[in-house]
Amino acid sequence: MHTTNDAALLELLEQDPQAGLAAVLDAYGGMINAIVRRVLPDAAEDAEECVADVLVAAWRSAPQLARGHHSLKGWLCVTARNTAITRWRALRRRQAVPLDEALAGDWLLSPQPTDAEDTIQALVDAMDEPDRTIFIRRYYLLEPSREIAQALGMQEHNVNVRLSRGRDRLRRQFTALQKEETRYANAL
């Protein structure tokens with residue numbers, strides 16, 4: 001679900017990309033940078049490139065995002081995480097795999113979320129608090145349970161229990177949605 005600010009940012013991205021990218025960077029640049037730096041703490045130049053890649057992906061996806069039902073912030077979190085993980089994997093492969101083999105493989109993956117990731121993001125967006133915040137901090141921002149517990153004034157054990165129960169709930173909801181989609185597709 002878009003906030004009024006997100007809708008305005010997406011409209012600005014479509015109408016004036018340069019101003020739109022600057023506005024997205026002002027609004028969400030710190031968050032994007034934090035996510036990327038958590039995955040790539042020792043690769044400053046690669047982290048900067050990832051942030052730029054996320055912004056380019058937002059610009060390219062602005063029309064679809066404007067029509068979508070997901071939050072821009074959530075989409076940026078997922079895209080930043082996926083882009084940083086893809087870059088981290090590429091860096092690791094470059095160090096371990098000879099150049100000839102690296103060039104032969106398809107190791108540059110698209111930072112665009114899959115349909116399954118979109119569905120999971122929608123299910124996480126629909127969670128009640130504090131579960132939504134816990135899930136976003138743990139699985140999108142890659143924060144350890146101890147940091148989440150300190151930030152939310154909870155015990156680490158309680159955060160871990162909420163994560164475990166939340167994963168089970170997400171698994172059941174996701175499976176039910178997949179079965180529903182299969183039934184619908186078979187009915188056609």
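Here the residue numbers are simple positions, counted from 1 along each chain's written sequence. Local features in this predicted model are restricted to residues of pLDDT 70 or higher, and side-chain atom pairs are both shown and tallied only at a pLDDT of 80 or more, whereas totals for entire chains, interfaces and linings draw on every residue. Note: side-chain values were computed over all heavy atoms of the structure, leaving out hydrogens and water.

Novice: So what exactly am I meant to see when it comes to the pattern of salt bridges here?
Specialist: Close approach of charged atoms allows side chains with opposite charge to pair. By salt bridge we mean one thing: a side-chain nitrogen of Lys or Arg within 4 Å of a carboxyl oxygen of Asp or Glu. All told, the structure shown has 10 salt bridges when counted by the stated rule. With a shortest N-O distance of 3.0 Å, Arg87 and Glu49 are connected by a salt bridge. Of this pair, Arg87 sits in helix α4 (residues 72–96) while Glu49 sits in helix α3 (residues 44–67), placing them 38 residues apart in sequence. Relative accessible area serves as the criterion here: at 15%, Arg87 is assigned to the buried category. In this structure, the salt-bridge partner of Glu143 is Arg137, at a minimum N-O distance of 2.9 Å. Burial classification: accessible surface area is computed with a 1.4 Å probe over protein chains only, and a residue below 20% of its type maximum counts as buried, one above 50% as exposed, and the rest as partly exposed. Glu143 gets classed as buried once you look at its relative accessible area, which sits at 11%. Given a relative accessible area of 23%, Arg137 falls into the partly exposed group. Among the charged side chains, a salt-bridge network with shared partners connects Asp46, Glu49, Asp53 and Arg87. In this description a helix means any DSSP run of H or I spanning at least four residues, a strand means any run of E spanning at least two, and both kinds are numbered starting from the N terminus.

Novice: How should the packing of helix α2 (residues 17–39) against α3 be read in this particular structure?
Specialist: In a packed pair of helices, the relevant descriptors are the angle between the two axes and the axis-to-axis distance. Two numbers describe how α2 lies on α3: the axes approach to 9 Å, and their chain directions differ by 135°. Here α2 lies oblique to α3, going by the angle between them. For the crossing formed where α2 meets α3, the hand is right-handed. From α2, Pro17, Leu21, Val24, Leu25, Ile32, Asn33, Val36 and Arg37 reach across to α3, where they touch Ala44, Ala47, Glu48, Cys50, Val51, Val54, Leu55 and Trp59. To define axes, lines are fitted to C-alpha atoms, for helices over the stretch in contact only, and angles between the resulting N-to-C directions are given on a 0 to 180 degree scale. An angle counts as roughly parallel when it lies under 35 degrees, as roughly antiparallel when it exceeds 145, as roughly perpendicular when it falls between 65 and 115, and as oblique in every other case. Note: crossing handedness is left-handed where the near helix turns anticlockwise from the far helix by less than a right angle, and right-handed where it turns clockwise. Two residues qualify as a contact provided that any one of their heavy atoms is within 4.5 Å of a heavy atom in the partner residue.

Novice: Whenever I open this one, the packing of aromatic side chains confuses me. Can you help?
Specialist: Note on aromatic pairs: each is described by the distance of the centres and the angle between the planes. Any pair of Phe, Tyr and Trp rings, taking the six-membered ring for Trp, is counted once the centres come within 6.5 Å. Such a pair is stacked with planes under 30 degrees apart, edge-to-face with planes over 60 apart, and tilted for the rest. A full pass over the atoms with the stated rule returns one aromatic pair. Measuring from ring centre to ring centre gives 5.3 Å for Phe135 and Tyr139, while their planes differ by 50°; the resulting arrangement is tilted. Of this pair, Phe135 and Tyr139 both sit in helix α7 (residues 131–140), four residues apart, which is roughly one turn of that helix. By relative accessible area, Tyr139 is classed as partly exposed at 28%.

That's the geometry; what it means functionally is another story.
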